[in-house]
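Summary of structural features
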Amino acid sequence: MSNLDTFVRSSRPAPAVVATSQEIRDRGSIFVGSVYPATNPEEAKAALHYHKHVVHAGKEVYEISAWRCMVLKSGRTGLSGPDDFELRTGFDDGGEQWAGSKILKIMQTEGVIDAIVIVSRWFGGTLLGPTRFRHVETCAGEVCRKFNKVVEMDESIQTLSTLDDLLATLREELNALKSGPSTSETCTDTSGRPPMKKAPDYSTLRDILDLSKARRLIHARESAIQVVKSLIAKHKVEDK
């Protein structure tokens, strides 16, 4: 079975598209790019199957695709570093001869890894010649760049969460040094802010993919950590 019911009944979650390109329309044909995460070729092929038989079920569409996945080598644990991994790539022309390799080349140029890029073409009845490859490359390039932004944003949010935890721990330590063991008085650092209690919600930041703001927040957290560390060191010296 290759329809939506198959995925509804399956215990495995359906693949989630990360980004979609703008449509390109040319003489009746429509081109749209999509990108899915895929940590191995099997996941890539599953995403392609889902895209073709669920997202575009019952439609006459050329599904042109390529994937690049960094996988663990057979017999390796990953503990020895990069040499334990290998890059596996592949493509599927999906009815458009030579088109799949062009998507793969775009992925290589953009440095996209652990993903499958699919460019869907609805044929409008008019042969486009080499122009069709340019449209395929344009759609692929757009989703590759969006995918890289999402990856960078996820890494930035992970960094922010780690820094938030460290800052909260340091503020608690500073609070204990200021208050002493006999009181539970809440202290603040030089910014006048109390220790963080609730983890910040970065979902809006991720939705708008504001990488500049994410970098500013990381810099601010790092600066705050240095300030609190300095205050802790000062209190420890004074207490001696």
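Residues numbered from 1 in each chain as written. Predicted model: local features only at pLDDT ≥ 70, side-chain atom pairs only at ≥ 80, totals over all residues. Heavy atoms only, no water.

Turning next to the overall build of the chain. On a plain count of helices and strands, the chain comes out with six helices and six strands. Element order for the chain, N to C, with α for helix and β for strand: α-β-β-β-α-β-β-α-β-α-α-α. In the chain, which comprises 240 residues, the share counted as buried stands at 38%. Sequence-distant contacts, at least 24 apart, represent 70% of the contacts inside the chain between residues at least 6 apart. Surface exposure of the chain reaches about 13,900 Å², of which carbon and sulfur atoms provide 52%. (Helix = DSSP H or I, 4+ residues; strand = E, 2+ residues; numbered from the N terminus. Buried < 20%, exposed > 50% of the residue type's maximum accessible area, 1.4 Å probe, protein only. Contact = heavy atoms within 4.5 Å. Areas by Shrake-Rupley, 256 points an atom, 1.4 Å probe, with all protein chains shown as cover.)

Below, the discussion takes up the packing of aromatic side chains. Evaluation of the coordinates by the stated rule reveals zero aromatic pairs. The side chain of K102 reaches across the aromatic face of F133, ending 5.0 Å from its centre. (Phe/Tyr/Trp six-rings, centres within 6.5 Å; stacked < 30°, edge-to-face > 60°. Lys NZ or Arg CZ within 6 Å of the ring centre and 35° of its normal.)

Take unusual backbone geometry next. One non-glycine residue with positive phi stands out, namely R27, at about 50°. Position of R27 relative to the elements: it lies in the loop between β2 (24-26) and β3 (29-37).

Our next topic: the pairing of strand β4 (residues 62-72). For β4, the buried fraction is high: eight of the 11 residues fall into the buried class. Alignment of β4 against strand β6 (residues 115-122), held across seven bridges, turns out to be antiparallel. Paired with W67 across the two strands is I116, which belongs to β6. In the sheet, β4 pairs with strand β5 (residues 85-92) via eight bridges, with the strands oriented antiparallel. Counterpart to M70 in the pairing with β5 is L87. (Pairing = 2+ DSSP bridges.)

Residue pairs spaced three or four apart in an α-helix point in one direction, given the helix's 3.6 residues per turn. Over its 29 residues, helix α6 (residues 211-239) runs 42 Å from end to end, which matches the ideal 42 Å to within 8%, given 1.5 Å per residue. The set of residues buried in α6 consists of L211, A214, I218, R221, A224, I225, V228, L231, I232 and H235. Residues of α6 that are buried make contact with α4 (131-179) and α5 (203-208). (Expected span 1.5 Å × (residues − 1).)

Below, the discussion takes up a nonpolar patch on the surface. On the surface, M70, L72, F85, L87 and I113 cluster together into a nonpolar patch covering about 360 Å² of accessible area. Contributions of two or more residues to the nonpolar patch are made by β4 and β5. Within the secondary structure, M70 is located in strand β4. (Patch = residues over 30% accessible without salt bridge, like charges linked within 9 Å, V, L, I, M, F, W, Y side chains within 5 Å. Salt bridge = Lys/Arg side-chain N within 4 Å of Asp/Glu carboxyl O.)

Here H56 lies in the loop between α2 (41-55) and β4. A relative accessible area of 9% means that H56 is categorised as buried. Engagement of the side chain of H56 in a polar contact is seen with the side chain of E63, the distance being 2.6 Å. With near-sequence residues (within four places) excluded, H56 lies in contact with H51, V61, E63, S120 and W122. (Polar contact = N/O pair within 3.5 Å; in protein donor to acceptor, adjacent residues only side chain to side chain.)

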